[in-house]
Amino acid sequence: MSKLWGGRFTKPTDKLVEEYTSSIGFDVKLVLQDIQGSKAHVKMLGKCSIITEEEAAQITEGLQSIEKKIENEEVEFSVEDEDIHMNIEKLLIEEIGPVGGKLHTGRSRNDQVATDMHLYLKEKTNQLIGLVEAVQKALADQAEHHVETIIPGYTHLQRAQPVSFAHHLLAYFWMFERDKQRLQDSIKRIDWSPLGAAALAGTPYPVDRKMTAEALGFENVYPNSLDAVSDRDFILEFLSISSILITHISRLSEELILWSSQEFDFIELDDAFCTGSSIMPQKKNPDVPELLRGKTGRIYGNLMGLLTLLKGLPLAYNKDMQEDKEGMFDTVETLDGALSLLAPMLASMEVKGANMRQAVNEDYSNATDIADYLAVKGMPFRDAHAVIGQVVLYAIEQGKYLLELKLDEYQQFSELFEDDIYEKLAPDQVVAARSSEGGTGFKQVKEQLDLAKKHI
Ligand code: ARG
């Protein structure tokens, strides 16, 4: 059989053109959605008497038998038939004869491909939501064990103030919570059916668009046929959300890489999630978080690619739009891989609480607390800040930490210092004291953890 659109042509398509313009190499991923969309369409054609119910039943059976053959890997798709839509239609006609040619009544590949992508992305978005939640759960489980584990908190990657390790982990929990909510919210905008918009202008057949939308599980139908076939916002939105999500994955990965270095030595990733070096026998490399960090590039790239692709396109369909798919598939698959690894890697990492504690003991991250101590005793905070700056300088010169200075050394800087300064400077006290809402105080972190658990 020649091309489904061959009637108007006098020459066969150039082989290079055929290969260059075909999309079957990648849109084959939409095969199940394509058949699902066709089944809903043909049922509607029958119900609306656009074709007979008998013809509709024959076509449905044909589609089912093609589906079976695909499952059993008995089908080979061909570049000559350009894309998944024409491949399936061709198979259908081969399977049930000329009546198969009635499937495409009142429909175009333009609304068909858009429908396929809406179906695909809705399903994948729901799956990704589950995977994000698994990461959140791994973070919350680790946090549960480490409310009272203290780690240096950093600004400018310089030791700043100690924090509960659970607090640090929960910061990522909330980032992923926002990602999850964004994904959930985006479904509202994926949930529109383009089917029945036909090529661009609608169709003279009395199609029932609500019927197909309902059969496919869509909430709404696009109210404008031009918009229905030209809209790729739902993919752009998915790629944007994905870009933010991978940013979070990348930042967390960066911390895991730092923390597992000998310089930090705060965690150890499980052997099952690391790899070795072909030359240096001692190496245990954090390849997984490195790759997660590295995958960010392609996900941002896919967003930029689609934004650029769409920016100059006149309405309605243009062949350029065939380029909308690979980036979407790649982002779905990249995120699926990343999230599937991240959850068990977090769950299995060993937290070296003693090393974290030792790091906190060997820094000046309790300096703010001495300034607060003087401020509580009446010194304006700005003056207290200056005094403690002097104290820190003095301590560094003496080669001592703040807890090691004697009371008379403190009193050289201010007479307000008394014996109770030492309790205030103890790391647990420094953390516990940060009791403002959302702060790292242990009680507040426990409350935060309870709140987090309600989201998973
Ligand atoms: N393979 C095409 C795509 O993915 C399907 C739509 C083709 N429509 C057309 N008018 N050529 O964009």
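Below is a summary of the structure that appears in this document. (Residues numbered from 1 in each chain as written. Predicted model: local features only at pLDDT ≥ 70, side-chain atom pairs only at ≥ 80, totals over all residues. Heavy atoms only, no water.)

1. As for the overall build of the protein chain
As a reminder of what qualifies: Under the scheme used here, helices are H or I runs from DSSP no shorter than 4 residues and strands are E runs no shorter than 2 residues, and both carry numbers assigned from the N terminus. Relative accessibility thresholds used throughout: buried, under 20% of the residue-type maximum; exposed, over 50%; partly exposed, between the two (1.4 Å probe, protein chains only). Only heavy atoms enter the contact rule, under which two residues are in contact if any of them lie within 4.5 Å. Positive charge is attributed to Lys and Arg, negative charge to Asp and Glu, and no charge count is given to His or to the chain ends. Where a charge sits is defined by one atom per residue type, namely NZ (Lys), CZ (Arg), CG (Asp) or CD (Glu).
The secondary structure content of the protein chain amounts to 20 helices and six strands. Judged by the C-alpha coordinates and their principal axes, the protein chain covers about 100 × 50 × 40 Å. Counting only residues that meet the buried cut, the protein chain has 49% of its 456 residues in that class. A separation of at least 24 residues holds for 76% of the contacts in the protein chain among residues at least 6 apart in sequence. Of the side chains in the protein chain, 47 bear a positive and 74 a negative charge, and the two mean positions are spaced by 3 Å.

2. Re the nonpolar core
Going by this rule: To form a nonpolar core, buried Ala, Val, Leu, Ile, Met, Phe, Trp, Tyr and Cys residues must be joined to one another through side-chain atoms within 4.5 Å.
By size, the foremost hydrophobic cluster in this structure holds 78 residues, and its most contacted members are F176, I249, L342, L346 and M349. Each residue touching I249, except ones within four places of it in the same chain, is listed here: F176, L292, L335, A338, L339 and L342.

3. Remarks on the site of the ligand
Applicable threshold: A single heavy atom is enough: if one lies within 4 Å of a molecule or strand, its residue is considered near that molecule or strand. In protein, a polar contact means a hydrogen-donor-capable atom and an acceptor-capable atom, both N or O and within 3.5 Å, with residues adjacent in sequence counting only if both atoms are side-chain atoms; elsewhere, any N or O pair within 3.5 Å suffices. Accessibility throughout is a Shrake-Rupley quantity obtained with a 1.4 Å probe, and a residue counts as covered only by protein chains that appear here. Residues are grouped as follows: nonpolar covers Ala, Val, Leu, Ile, Met, Phe, Trp, Tyr, Cys and Pro; charged covers Asp, Glu, Lys and Arg; every other residue, Gly included, is treated as polar.
Around the ligand sit S23, D27, D83, H85, R109, N110, V113, Y317, Q322 and K325, and those are all the residues in its vicinity. One of the side-chain N or O atoms of D83 is found 2.9 Å from a nitrogen atom in the ligand. Against a free-state accessible area of 340 Å², the protein chains account for coverage of 87% of the ligand. At three residues, the largest contribution of residues to the shell around the ligand is made by helix α6 (residues 109-145). Its residues assigned to classes, the shell around the ligand comprises two nonpolar, four polar and four charged.

4. Some thoughts on the packing of helix α3 (residues 31-47) against helix α4 (residues 53-71)
For the record, the criterion: Only the contacting stretch of a helix is used when fitting its axis, a line to C-alpha atoms as for every element, and angles between N-to-C directions run 0 to 180 degrees. To sort the angles, those under 35 degrees are grouped as roughly parallel, those over 145 as roughly antiparallel, those from 65 to 115 as roughly perpendicular, and the leftovers as oblique.
Viewed as axis vectors pointing N to C, α3 and α4 meet at an angle of 170°, and their least axial separation amounts to 8 Å. As far as their axial angle goes, α4 and α3 are roughly antiparallel. Facing V31, L32, I35, S38, K39, V42, G46 and K47 of α3, the residues of α4 in contact are E53, A56, I59, T60, L63, Q64, I66, E67 and I70.

5. Concerning helix α10 (residues 233-259)
Applied cut-off: To estimate the expected span of a helix, count its residues, drop one, and scale the result by 1.5 Å.
For α10, with 27 residues, the first-to-last C-alpha span of 39 Å sits near the 39 Å given by 1.5 Å per residue. Along α10, 19 of the 27 residues are buried, which leaves the element largely enclosed by surrounding structure.

6. Overview of the pairing of strand β1 (residues 150-155)
Basically, it comes down to this: Following DSSP output, two strands are said to pair if at least two bridges run between them.
Across six bridges, the pairing between β1 and strand β2 (residues 158-164) is antiparallel. Residue pairing in the sheet places I150 in a bridge with S164 of β2. Adjacent in sequence and paired antiparallel, β1 and β2 are bridged by two residues, among which H156 carries a positive phi angle near 60°.

7. Topic: unusual backbone geometry
A cis amide bond links L315 to the next residue, A316, at an omega of 0°. Note that A316 resides in the loop between α12 (296-311) and α13 (325-348). One non-glycine residue, D265, lies in the positive phi region at around 55°. Tracing the sequence through the fold places D265 in the loop between α10 and β5 (267-268).

8. Considerations on the environment of V221
Topologically, V221 is positioned in strand β4 (residues 220-221). C-alpha of V221 to C-alpha of F176: the two residues are 45 residues apart in sequence and 31 Å apart in space. The residues contacting V221, other than those within four sequence positions of it, are W192, S193, R209, K210 and A213.

9. Section: the pattern of salt bridges
Heads up, the condition is: The term salt bridge refers to a pairing of a side-chain nitrogen on Lys or Arg with a carboxyl oxygen on Asp or Glu at a separation within 4 Å.
Considering all chains together, one arrives at 35 salt bridges under this definition. A salt bridge links K3 to E18, with the shortest nitrogen-to-oxygen separation between them at 2.6 Å. One end of the pair, K3, is in the segment before α1 (15-21); the other, E18, is in helix α1, with 15 residues separating them in the sequence. Across the pair E418 and K377 runs a salt bridge whose closest N-O atoms are separated by 2.6 Å. Taken as a pair, E418 in the loop between α17 (407-411) and α18 (421-425) and K377 in the loop between α15 (367-376) and α16 (381-398) lie far apart in primary sequence, 41 residues in all. Given a relative accessible area of 45%, E418 falls into the partly exposed group. Among the residues examined, K377 registers a relative accessible area of 28% and is labelled partly exposed. Here the salt bridges do not stand alone but share partners, grouping D265, E268, D271, K284 and K352 into one network.

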